[in-house]
Amino acid sequence: MRTRTGILVAAAAVLVSNGLALWHAASNRAGTDAEVVLTERELPMSAQEKDDTGIWLRLNWTPPFAFNVNDWLDRAKLRELGFDVTADPLQEAASRRYFSEPPRAAFAALEYDGPAWQKYLSSYEASLKNTNSPQSADQLARVRDRGSRLVPIDVATDPAALRAHHPNTSRVLIVPATVRVTYAGSGTGQRLTGYLQPALTDIHVPLPLSRQLNGMTPLSIYSPEFRSRYEVRLRFGTHHEPWVAGITPLH
Amino acid sequence: MPGEPADRQSAQQRADRIRSFREELAALEQQDVLRLEPEQRERLNRHLDSLLTSLQSKFDVDVNLSEKQFSWGMRIAVTLGGLALCAGLVLFFYRYWGDLSTQVQVALLIAAPLAALAVTELAARREKTLYFASLAAMAAAALFVLDLYAVGSIFNITSSPNAFAAWSIFAFAVAYQYRLRLLLVIALISSGIWLSGTILSLNGIYWTQFGGRPETILLAAVVAYAAGLTVPHRRSLDFPAVYRWTALVGGFVALLFLTGGGEFSFLHWPERVVERSYEAIGWAASIAIITMGIRRGWRGDVNIASAFFAIFLYVRLYRWWWDWMPRYLFFLAVGAVAIGLVIAFRRLRDRSRSVYA
């Protein structure tokens, strides 16, 4: 008679892996690392596929290295993250090596509506004044009134050490991210910096909370009619993974 | 019955040999080279017919060419149907999952691959050819991929290579249970991704960056090839070849990538040294595989290694000649080399014929 070891192993793989995933999710939600109320500016609705009825919010932060906001993400910080930055970045062979360096896993500290956001706005305003563009006022208004106020302020491989440096759990989120080496500046003034990207962008909205967003469609911040339509209470657990704890419509 | 085949593939080979034998016997009789006595002919036909009937009833083999053509058609239909079925099931889930509570979503996601496994087992009990069983097995694998992916999304779990370990174990188990080569390929690719991703993670690199460090793929290929050589397969006689072919394609692609991108290596040597070293390994490996393939009669290995040998050769010629030669001369030279390769491969084929003889 034919044995059924294979089918039993396959069924066990399904049950054990799901059990581990559920245990991981439960242990994440057993504690709260941060809790913050964000708006549609920071959590816009993700564009939905035609055949997808799930609802997702996209964690949106300010452009990672615009206007020297990330001047703290320098060569020394890259070394701390594990990058080999011994080679002179101005040498051609070194730049090829730096550009081909794969991104490293890390955790980013995102500050919500704090001094980093004010600094970003000031830098942006100053850069717009230099351009003398007729659209400057509109561009500034778009960023100031409709852009995400989450700004990266630090990055590290150890989330506990990062939290110890930034203990404000209602204003600073610690999120999984990736960091890639890149260059800032131009000519002989070029220096090494990092390009930060979130490792987890889309956040699922489960029932019954998703009913609060029924009938809404994704709205771009580039649209002049954009006004935040909801507030989201977002919690981050012990593994720094988020979940939606509440949604309040604003209008 | 003495010398009875162990599996359907061996049974089909036996049936094919019988058909070829009958065709050759008819040709020999027509040319008056051999003539059987009526009694001998009757005994032979009776023996071969009973053998074919036995093979057909036990393994559902194809006994003539038209049956074989139908079987190929069914195999193509199963593959295409399987892919369509997988896409349909995944899209069906996403179409309605927004209307389900988290508990119902998770319960359905876990139950779906288990139900598909049960259907696979039922189908395997009812048919010997395993067409419907392989269709159900593909659906089960797709549903399990959907399951872990969707559970990860529902709970916003940061992605990791560990899901590939689970998919790999599942696909290996189903492949060995029903002797399904496609599932074995999926299992090998999944385990390769898991191994590469885990090595990257342990080095602090984000786990999806295989292209950024092709040596991890190379290592996974070496492990799979070694498994193909050493792991005994008494039931699934065609599986070692699947291990070797999957490993060879993955390993040679990684080597090819490294010969042109030394900066992507783990080795902190000058780029040119890294590229030349991996190019030398590529040459040596392709020649070694061709030699071993000829000696052992592994035609698939020889074909794959020969194809990559030619690619390595053209890459080398490009690097030597492209910049300083007029274009027409370069292509003429490449044409001449191609002719040389044909002659070389013909000699190798003649050698392999003598080995087979």
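Hey, could you run me through the overall build of chain B in this one?
The number of helices and strands found in chain B is 12 helices and zero strands. Looking at chain B residue by residue over its 357 residues, the buried ones come to 34%. In chain B, the proportion of contacts linking residues at least 24 apart, taken out of those at least 6 apart, comes to 60%.

Got a minute to help me understand the packing of helix H6 (residues 162–178) of chain B against helix H7 (residues 181–202) of chain B in this structure?
Relative placement of two packed helices is described by the angle separating their axes and the distance separating the axes. Residue and element names in this part refer to chain B. Put simply, H6 and H7 touch, their axes get as near as 8 Å, and they point 155° apart. Classified by the interaxial angle, the pair formed by H6 and H7 is roughly antiparallel. Of the two possible hands of crossing, H6 and H7 adopt the one that is left-handed. Note on element contacts: H7 touches H6 through Leu183, Leu184, Ile186, Ala187, Ser190, Ser191, Ile193, Trp194 and Gly197, opposite Phe164, Ala165, Trp167, Ser168, Ala171, Phe172, Val174 and Ala175. Within the contact of H6 with H7, the residues separate by chemical class into 13 nonpolar, four polar and no charged.

In this structure, what is going on with the pairing of strand E5 (residues 172–184) of chain A? I would like to understand it.
Working note: regular strand, side chains alternate between the two faces of the sheet. Residues and elements named next belong to chain A. One ladder, built from eight bridges, connects strand E3 (residues 104–112) with E5; its direction is antiparallel. By the bridge assignment for E5, alanine 109 is matched with isoleucine 174. Here eight bridges tie E5 to strand E6 (residues 191–198), and the two strands are oriented antiparallel to one another. Bridging from a neighbouring strand, arginine 180 pairs with tyrosine 195 of E6. The hairpin formed by E5 and E6 contains six residues between the paired strands, and glycine 185 there has a positive phi angle of roughly 80°.

Is there a simple way to think about the nonpolar core in this case?
For soluble globular proteins, nonpolar side chains are generally found buried alongside one another. In terms of nonpolar packing, the biggest core is built from 128 residues, with B:Ala141, B:Phe170 and B:Val174 touching the most fellow members. The leading source of residues in this core is helix H5 (residues 131–154) of chain B, at 15 residues. The residues touching B:Val174, leaving out its near neighbours within four places in the chain, are A:Gly6, A:Ala10, B:Ala137, B:Ala140, B:Ala141, B:Leu180 and B:Leu183. Formed by five residues, the second largest nonpolar core is a distinct cluster that contains A:Phe83, A:Tyr98, A:Val181 and A:Leu192.

Please explain the pairing of strand E8 (residues 230–236) of chain A as it appears in this structure.
Residue and element names in this part refer to chain A. The pairing of strand E1 (residues 34–39) with E8 spans six bridges and is classified as antiparallel. Considered in E8, the bridge of valine 36 is made with leucine 234. Two strands pair when backbone bridges link them, and E8 and strand E9 (residues 242–249) are joined in this way by seven bridges, in the antiparallel orientation. If you follow leucine 234 over to E9, its bridge partner there is valine 244.

Would you mind showing me how to read the interface of chain A and chain B here?
By a widespread convention, an interface's size corresponds to the accessible area lost as its parts come together. The interface of chain A with chain B comprises 38 residues on the first partner and 41 residues on the second. Listed by contribution, the elements that provide at least two residues to the side of chain A that touches chain B are helix H1 (5–29), helix H3 (92–100), E3, E5, strand E7 (202–205) and E9 of chain A. Of the residues forming the side of chain A that touches chain B, the biggest block, 12 residues, is contributed by H1(A). Residue composition of the side of chain A that touches chain B, by class: 20 nonpolar, 12 polar and six charged.

For this particular structure, what's the right way to read the sheet that holds E9(A)?
Adjacent strands of a sheet form backbone hydrogen bonds with each other and so pair up, either parallel or antiparallel. Residues and elements named next belong to chain A. Taken in spatial order, the three strands line up as E1-E8-E9 in an open sheet, and their pairing is antiparallel. In the strand order of this sheet, the two ends are held by E1 and E9, each with one partner. Across the sheet, the axes of successive neighbouring strands diverge by a mean angle of 20°, strand direction being ignored.

Quick question: what am I supposed to make of the environment of B:Ser168 here?
All names here are of chain B. Position of serine 168 relative to the elements: it lies in helix H6. Each C-alpha atom, one on serine 168 and one on isoleucine 189, is 7.9 Å from the other, the two residues being 21 residues apart in sequence. Serine 168 has contacts with Ala187, Ser190, Ser191 and Trp194, leaving out every residue within four places of it along the chain.

Would you mind going over the domain arrangement of chain A with me for this structure?
By the assigned domains, chain A splits into domain 1 (29–59 + 206–251) and domain 2 (61–199). Taken residue by residue, the interface counts 13 residues in domain 1 of chain A and 20 residues in domain 2 of chain A.

Looking at this structure, how should I read helix H3 (residues 65–96) of chain B?
Given 3.6 residues to a turn, an α-helix orients residues that are three or four positions apart in the same direction. Between its terminal C-alpha atoms H3(B) stretches 46 Å, which fits the 46 Å expected from 32 residues at 1.5 Å a residue. For H3(B), the secondary structure elements touched by its buried residues are H5 of chain B.

Where do I start with the sheet that holds E3(A) in this structure?
Residues and elements named next belong to chain A. With respect to topology, four strands assemble into an open sheet ordered E4-E3-E5-E6, the strand pairing being antiparallel. Looking along the sheet, the strands with just one partner apiece sit at the ends: strand E4 (150–156) and E6. Taken pair by pair, the neighbouring strands of this sheet meet at an average axis angle of 50°, ignoring direction. As judged from the six bridges shared by E3 and E4, these two strands associate in the antiparallel manner.

Could you clarify how one ought to interpret the confidence of the model for chain B in this entry?
Caution applies to low-pLDDT parts of the model: their predicted coordinates are not meant to be read in detail. Averaged over all residues, the pLDDT of chain B is 87; the fraction at 70 or higher stands at 97%. Ranking the helices and strands of chain B by mean pLDDT puts H6(B) first, with 95, and helix H12 (residues 327–356) of chain B last, with 79.

Criteria and cut-off values
Residues numbered from 1 in each chain as written. Chains lettered and ligands numbered in written order. Predicted model: local features only at pLDDT ≥ 70, side-chain atom pairs only at ≥ 80, totals over all residues. Helix = DSSP H or I, 4+ residues; strand = E, 2+ residues; numbered from the N terminus. Buried ≥ 20, exposed ≤ 12 C-beta atoms within 10 Å, placed from the backbone. Contact = placed C-beta atoms within 7 Å. Axes fitted to C-alpha atoms, helices over the stretch in contact; angles between N-to-C directions. Parallel < 35°, antiparallel > 145°, perpendicular 65-115°, else oblique. Left-handed = near helix turned anticlockwise from the far one by under 90°. Nonpolar A, V, L, I, M, F, W, Y, C, P; charged D, E, K, R; others polar. Pairing = 2+ DSSP bridges. Core = buried A, V, L, I, M, F, W, Y, C linked by C-beta atoms within 7 Å. Domains from an automatic or database assignment. Expected span 1.5 Å × (residues − 1). pLDDT = per-residue confidence, 0-100.

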